[in-house]
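So you can see what is in the structure, the chains are spelled out below.
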Amino acid sequence: MEFNPADNIQDLQYFGEFGGVNPSISDSSTYTFLSAKTMFDTFEGNAEGCYLYSRHSSPSNLYLDKALAAMEGTESANVAASGMGAITPALLQLCGNGDHIVASRTIYGGTYAFLKNFTPKFGISTSFVDITKLDLVEAAITKDTKVLYCETVSNPLLEIADIAGLSKIAKRHNLKLIVDNTFSPLSVAPARLGADIVIHSLTKYINGSSDTVGGVCCASQEFISSLKNVNDGASMLLGPTMDSLRSASVMKNLRTLHIRMKQHSYNAMYLAQRFENDGIKTVYPGLESHPGHQLYKTMINPEYGFGGMMTLDVGSPEKANELMELMQAENLGYLAVSLGFYKTLFSAPGTSTSSEIPLEERIQMGLTDGLIRFSIGLDNDINRTYRMMKECMQKVGVLMNELVAD
Ligand SMILES: Cc1ncc(COP(=O)(O)O)c(C=O)c1O
């Protein structure tokens, strides 16, 4: 496969207004026109290169749009103030009263809540399915279905969606396939596998410093223009615009994403293999024991590995809480939601990010209350981290005391 997203990012060259190596940050909400005619043409969408108003687009946001479109291999992109600010307009642009969505049942809790509780107010219904079973996905499609929605690697169960297989179904039924690729930037390029729209929460790996929220929708020029249309574009009219100062800072962090992803993946693989060996129920797409491992191997760019997300099931919510508190006290990371930080972040999704999902449904999908989701950090000496984590597990009784092997 001749597609390397890191090369595409590396090859971008933007000059600042005064020849700076970083593009100048645009600090204006509105823009002057030398002629009234150009203003009219811009409103009509006919004046390339002219800016109208920063809710629509700004030079700084367009730089980041271009870089993320290059990363995903799509024609265009539109950044937003948060991941949800990218997801919700994309769905509302495609669906209206009477329409139906088929979505994976294991998706980020906020997206699940939006589809389950919010969109029905607008007459949009959703069927949640096991996305790993393509026959169930196809069976859930009705004459009203407009969208297939999934995450490449699902949050928090780390199930793998067969994007090429889903794309075939979407094309057969004339649906749009939306893929949230937040957990697997660079590793997977969903648009190359047939996704129509690729979403990221930039908050996570792409920004990587846990200092802002952000999102992006990468798609065809036609779809991105429709989102930004002044008359009926969901992004333009709902207004989840990213601030220019922020897009400039996300852009700077994007440049080191390839180095960070390699280290996150290396560290997560190292820990997953050892904790699985130690007898803890470990879920990591890089492990042979992961049901989606063989499929995922065919989807990823191996340079960036299997990602930095891993789950460990420690048996009960009490043990999970005890262990997380101890690991935080031992400075192994933070008891916090989110992912993609230089330090490890851990949380129990059953009682946090996925608590929007009703208990019976969580049990059905295997989202147990003893499950801890880890976003493994950039630790330089991961063996030292392993030994320290294992000691914590022994202290709280998740693992029996024994000599800690390398
Ligand atoms: C997979 C996934 N998609 C989307 C989102 C939402 O992004 P944001 O919090 O930036 O709105 C999250 C947030 O946790 C996520 O994990």
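Residues numbered from 1 in each chain as written. Predicted model: local features only at pLDDT ≥ 70, side-chain atom pairs only at ≥ 80, totals over all residues. Heavy atoms only, no water.

Caption draft 1: The arrangement of the overall build of the chain in detail. What the chain contains, in helices and strands, is 15 helices and 12 strands. Since a compact globule built from 406 residues should have a radius of gyration of about 22 Å, the 22 Å found for the chain is in line with a globular shape. C-alpha atoms of the chain, sized along the principal axes, occupy 80 × 55 × 35 Å. Out of the 406 residues in the chain, the part that is buried amounts to 56%. The contacts in the chain between residues at least 6 apart in sequence include a share of 69% that link residues at least 24 apart. If you sum the accessible surface of the chain, you get close to 17,700 Å²; carbon and sulfur atoms cover 52% of it. Mean positive and mean negative side-chain charge positions of the chain (32 and 43 charges, respectively) differ by 0 Å. (Helix = DSSP H or I, 4+ residues; strand = E, 2+ residues; numbered from the N terminus. Rg over C-alpha atoms; globule rule 2.2 N^0.38 Å. Buried < 20%, exposed > 50% of the residue type's maximum accessible area, 1.4 Å probe, protein only. Contact = heavy atoms within 4.5 Å. Areas by Shrake-Rupley, 256 points an atom, 1.4 Å probe, with all protein chains shown as cover. Lys, Arg positive; Asp, Glu negative; His and termini not counted. Charge placed at Lys NZ, Arg CZ, Asp CG, Glu CD.)

Caption draft 2: Quick peek at the site of the ligand. Contacts to the ligand come from 14 residues, most closely from Gly83, Asp180, Ser201, Thr203 and Lys204. Met84 places a main-chain nitrogen or oxygen 2.8 Å from an oxygen atom of the ligand. Residue Lys204 places a side-chain N or O atom 2.5 Å away from an oxygen atom belonging to the ligand. When the free accessible area of the ligand is taken as 390 Å², the share hidden by the protein chains comes to 90%. (Near = heavy atom within 4 Å. Polar contact = N/O pair within 3.5 Å; in protein donor to acceptor, adjacent residues only side chain to side chain.)

Caption draft 3: Structural detail: the sheet that holds strand S2 (residues 100-104). Spatial strand order, S1-S7-S6-S5-S4-S2-S3: 7 strands in an open sheet with mixed pairing. Every other strand in the sheet has two partners, leaving strand S1 (76-80) and strand S3 (125-129) as the edge strands with one partner each. Here the strands of the sheet are splayed against their neighbours by 20° on average, with no regard to which way each runs. Here 5 bridges tie S1 to strand S7 (residues 215-219), and the two strands are oriented antiparallel to one another. Each bridged residue has a counterpart across the sheet, and for Ala80 the counterpart in S7 is Gly215. Running at roughly 155° to strand S5 (residues 176-180), helix H7 (residues 163-172) makes contact with strand S4 (145-151) and S5 of the sheet. (Pairing = 2+ DSSP bridges. Axes fitted to C-alpha atoms, helices over the stretch in contact; angles between N-to-C directions.)

Caption draft 4: Highlighting empty space enclosed by the protein. A complete count under the given rule lists 5 cavities of 30 Å³ or more for this structure. In this structure, the largest cavity encloses a volume near 120 Å³. Together, 16 residues line the largest cavity, and Arg55, His56, Asn78, Val79 and Thr241 are the ones closest to its centre. For the lining of the largest cavity, the elements supplying multiple residues, two or more each, are helix H3 (59-72), S1 and helix H9 (234-238). In the lining of the largest cavity, the residues fall into 5 nonpolar, 8 polar and 3 charged. (1 Å grid on protein atoms, 1.4 Å probe; cavity = no way out; pocket = protein on both sides within 12 Å on 5 of 7 lines; lining within 4 Å. Points joined across faces, edges and corners; volume = space filled by probe spheres on them. Nonpolar A, V, L, I, M, F, W, Y, C, P; charged D, E, K, R; others polar.)

Caption draft 5: Here's a closer look at the layout of surface pockets. Its volume calculated, the largest pocket comes out at about 920 Å³. Contributing to the lining of the largest pocket are 29 residues, with Glu48, His56, Leu62, Gln221 and Lys228 lying nearest its centre. It is H3 that provides the largest number of residues to the lining of the largest pocket, a total of 6 residues. Estimated volume of the second largest pocket: approximately 500 Å³. Residue lining of the second largest pocket: 25 residues in total, with Leu157, Glu159, Val283, His290 and Pro291 positioned closest to the centre. Those elements that provide at least two residues to the lining of the second largest pocket are strand S8 (281-283) and strand S9 (309-313). Examining the composition of the lining of the second largest pocket, we find that 3 residues originate from one element, S8, more than from any other. Tallied by class, the residues present in the lining of the second largest pocket amount to 12 nonpolar, 8 polar and 5 charged.

Caption draft 6: Region of the structure containing helix H8 (residues 221-228). Listed in full, the buried residues belonging to H8 are Phe223, Ile224, Leu227 and Lys228. Take H8 and look down its axis: the buried residues cluster within an arc of 135°, on one side only. Taken together, the buried residues of H8 touch H3, S1, helix H4 (83-94), strand S6 (197-201), S7 and H9. (Arc of directions from axis to C-beta.)

Caption draft 7: Layout of the pattern of salt bridges. Across all of its chains, the model carries 14 salt bridges by this definition. A salt bridge links Asp144 to Lys143, with the shortest nitrogen-to-oxygen separation between them at 3.4 Å. What makes Lys143 exposed here is its relative accessible area of 75%. Here Lys262 and Glu303 are joined by a salt bridge, their closest N and O atoms 3.4 Å apart. Within this pair, whereas Lys262 is found in helix H11 (residues 257-277), its partner Glu303 is found in the loop between helix H12 (293-299) and S9, the two being separated by 41 residues in sequence. Accessibility expressed as a relative area gives 34% for Lys262, which makes it partly exposed. Glu303 gets classed as partly exposed once you look at its relative accessible area, which sits at 42%. Counted as one network, the salt bridges with shared partners bring together Arg105, Asp130, Lys133 and Glu159. (Salt bridge = Lys/Arg side-chain N within 4 Å of Asp/Glu carboxyl O.)

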